[in-house]
Amino acid sequence: MSENQNQAPPPIEPPPPVTPPTSSPTPPPSPASQARTWNMLCHLSALAGFVFPFGNILGPLLVWQIKKNEFPSVDIHGKAALNFQITVTIAALVGIAVAFLLSFFCVGYLLFPVVMLIGVAGLIFAIIAGIKANNGEDYKYPYSFELVK
């Protein structure tokens, strides 16, 4: 018994070092791919309106101002997105004001669903425009005032 107690345990060898597989680094994205991504972000940044008030205008405005000189197509998509979001905001504010004034005559409550539909249409058209921009296509928003030229 004393012999077993004096024996040292067998040495534990460390595992062999792991070498990362040799692969080529991923190439940087092409400028056309970057432009399409920023074009898409011009339109989808309008979803910031769900996070804070008037984010639907500030989101496209910021993306457009930051990237319009770097990518010429962002200038076109940014203006289109900004014009449409300003149009939607004006329509929604006018709709709310008219609905509020007419609510004193018990008919304004019928306009509140219309105001909700304006917001939903703004959301849907922004998503459609973002998808088209990511595919490299131009998109013209319907019923949009051209306020920013």
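A brief structural summary.

Calculation rules
- Residues numbered from 1 in each chain as written.
- Predicted model: local features only at pLDDT ≥ 70, side-chain atom pairs only at ≥ 80, totals over all residues.
- Heavy atoms only, no water.
- Helix = DSSP H or I, 4+ residues; strand = E, 2+ residues; numbered from the N terminus.
- Rg over C-alpha atoms; globule rule 2.2 N^0.38 Å.
- Areas by Shrake-Rupley, 256 points an atom, 1.4 Å probe, with all protein chains shown as cover.
- 1 Å grid on protein atoms, 1.4 Å probe; cavity = no way out; pocket = protein on both sides within 12 Å on 5 of 7 lines; lining within 4 Å.
- Points joined across faces, edges and corners; volume = space filled by probe spheres on them.
- Patch = residues over 30% accessible without salt bridge, like charges linked within 9 Å, V, L, I, M, F, W, Y side chains within 5 Å.
- Salt bridge = Lys/Arg side-chain N within 4 Å of Asp/Glu carboxyl O.
- Buried < 20%, exposed > 50% of the residue type's maximum accessible area, 1.4 Å probe, protein only.

**Digging into the overall build of the protein**
Here comes step 1: Of regular secondary structure, the protein possesses five helices and zero strands.
Here comes step 2: Each helix and strand of the protein, placed in order from N terminus to C terminus, yields the pattern α-α-α-α-α.
Here comes step 3: For 149 residues, the compact-globule formula gives about 15 Å, and the C-alpha radius of gyration of the protein, at 28 Å, lies well above that figure.
Here comes step 4: Taken along the three principal axes of its C-alpha coordinates, the protein extends 105 × 45 × 20 Å.
Here comes step 5: With the model as given, the accessible surface of the protein reaches about 10,600 Å², and the carbon-plus-sulfur share is 71%.

**Comments concerning the layout of surface pockets**
Here comes step 1: The space that makes up the largest pocket amounts to roughly 490 Å³.
Here comes step 2: Lining the largest pocket are 21 residues, and of these Gly49, Asn56, Val88, Thr89 and Gly119 sit closest to its centre.
Here comes step 3: Contributions of two or more residues to the lining of the largest pocket are made by helix H3 (55-67), helix H4 (72-102) and helix H5 (112-134).
Here comes step 4: Its boundaries defined by the atoms lining it, the second largest pocket holds a volume of some 320 Å³.
Here comes step 5: Lining of the second largest pocket is provided by 15 residues; of these, Ile76, Lys79, Ala80, Asn83 and Lys140 occupy positions nearest its centre.
Here comes step 6: If one sorts the elements of the lining of the second largest pocket by residue count, H4 sits on top with five residues.

**Overview of a nonpolar patch on the surface**
Here comes step 1: Nonpolar side chains collect at one region of the surface, where Ile90, Val94, Val98, Phe100, Leu101, Leu102, Phe104, Phe105, Val107, Leu110, Phe145 and Leu147 lie side by side and expose about 1,200 Å² of accessible area between them.
Here comes step 2: Looking at the element boundaries, phenylalanine 100 is found in helix H4.
Here comes step 3: Residue classification places phenylalanine 100 among the partly exposed positions, given a relative accessible area of 49%.

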